[in-house]
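Below are the chains, spelled out letter by letter.
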Amino acid sequence: VMGIDEAIIRSISSSVRIDQRPRMYGNILLAGSGSHVPGLAARLRLQLLARLQGDGGPGDKAQGPTVPAVEVVQSAKAEPHALGWRGATLVASSEPMHEIWIQRSEWLTGGARILRERLPFFW
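Keep in mind the model is a prediction, meaning the values are calculated, not measured. (Residues numbered from 1 in each chain as written. Predicted model: local features only at pLDDT ≥ 70, side-chain atom pairs only at ≥ 80, totals over all residues. Heavy atoms only, no water.)

Visitor: Talk me through the overall build of the protein chain; I want residue IDs and the actual numbers.
Guide: On a plain count of helices and strands, the protein chain comes out with 7 helices and 2 strands. The linear arrangement of helices and strands in the protein chain, starting from the amino end, is α-α-β-α-β-α-α-α-α. Out of the 123 residues in the protein chain, the part that is buried amounts to 24%. Relative to all contacts within the protein chain whose residues are 6 or more apart in sequence, the contacts with residues 24 or more apart total 50%. Total accessible area on the protein chain stands at roughly 9,000 Å², and carbon and sulfur atoms take up 59% of it. (Helix = DSSP H or I, 4+ residues; strand = E, 2+ residues; numbered from the N terminus. Buried < 20%, exposed > 50% of the residue type's maximum accessible area, 1.4 Å probe, protein only. Contact = heavy atoms within 4.5 Å. Areas by Shrake-Rupley, 256 points an atom, 1.4 Å probe, with all protein chains shown as cover.)

See the structure below:
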């Protein structure tokens, strides 16, 4: 099982140019109901700094001699447990989503084939 600190480092290291990494480490946002566990942001920040400095324990991968400033903040939203639902509502109500909606009659006649034809991603 991969820890969240390792997942963040892997994600940033594999998807961001080297010159953009310090900015990414300085803008880590914890969102959702689990993000409000007391002390989570501070502990995650310390774990990231330890790994980036090269003393994060077995298997850590130091990022080099310059350790970026790490800033972890928690979402200030009043209802963090509802953020996913709100985002899904916005996506579902957007015009591009209306184009890929599948009606019951379409599903009954086309089945899973309609998914392959309509969806914008390969599955």
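What follows picks up the thread again.
Visitor: Residues and numbers for helix 3 (residues 40–53), please.
Guide: Taking 1.5 Å per residue as the helical rise, helix 3 with its 14 residues ought to reach 20 Å, and the 20 Å between its terminal C-alpha atoms agrees with that figure. Among the residues of helix 3, those classed as buried are Ala41, Leu44, Leu48, Leu49, Arg51 and Leu52. Here the buried residues of helix 3 occupy an arc of 165° about the axis, which is enough to place them on one side. Exposed residues lying more than 90 degrees from the buried face of helix 3 are Arg43 and Leu46. The inward-facing, buried residues of helix 3 contact helix 1 (4–15), helix 2 (21–25), strand 1 (28–30) and strand 2 (72–74). Two residues or fewer after helix 3 comes Gly54, characterised by a positive phi angle close to 95°. (Expected span 1.5 Å × (residues − 1). Arc of directions from axis to C-beta.)

Visitor: Talk me through the side chain of Asp5; I want residue IDs and the actual numbers.
Guide: Along the chain, Asp5 turns up in helix 1. Asp5 sits in the buried class, given a relative accessible area of 9%. Here the side chain of Asp5 touches Arg51 through a polar contact of 2.8 Å, side chain to side chain. (Polar contact = N/O pair within 3.5 Å; in protein donor to acceptor, adjacent residues only side chain to side chain.)

Visitor: Lay out the pattern of salt bridges with the relevant residues and their values.
Guide: Throughout the structure, instances matching the rule amount to 5 salt bridges. With a shortest N-O distance of 3.1 Å, Arg17 and Asp19 are connected by a salt bridge. Taken individually, Arg17 and Asp19 each receive the classification exposed, so the pair is uniform in this respect. Where salt bridges share partners, they join Asp5, Glu6, Arg10 and Arg51 into one cluster. (Salt bridge = Lys/Arg side-chain N within 4 Å of Asp/Glu carboxyl O.)

Visitor: Any details on the nonpolar core? Residues and values, ideally.
Guide: Grouped together as the largest cluster of nonpolar side chains are 14 residues, with contacts concentrated most on Ile8, Tyr25, Ile28, Leu44, Leu48, Val70 and Val72. Among residues more than four places away in sequence, those in contact with Val70 are Tyr25, Ile28, Arg45, Leu48, Leu49 and Leu52. (Core = buried A, V, L, I, M, F, W, Y, C linked by side-chain atoms within 4.5 Å.)

Visitor: A description of the packing of helix 1 against helix 3 should follow, citing residues and the corresponding values.
Guide: Each packed pair of helices is defined by two parameters, the angle between the axes and the distance between the axes. Direction vectors running N to C along helix 1 and helix 3 enclose 55°, while the axes themselves pass 9 Å from each other. Considering the angle they form, helix 1 stands oblique to helix 3. Judged by the twist between their axes, the crossing of helix 1 over helix 3 is right-handed. Taking contact as the criterion, the partners of Ile4, Asp5, Glu6, Ile8 and Ile9 in helix 1 are, on helix 3, Leu44, Gln47, Leu48, Arg51 and Leu52. Split into classes, the residues belonging to the contact of helix 1 with helix 3 amount to 6 nonpolar, 1 polar and 3 charged. (Axes fitted to C-alpha atoms, helices over the stretch in contact; angles between N-to-C directions. Parallel < 35°, antiparallel > 145°, perpendicular 65-115°, else oblique. Left-handed = near helix turned anticlockwise from the far one by under 90°. Nonpolar A, V, L, I, M, F, W, Y, C, P; charged D, E, K, R; others polar.)

Functional significance is not addressed by these values, which are geometric in nature.
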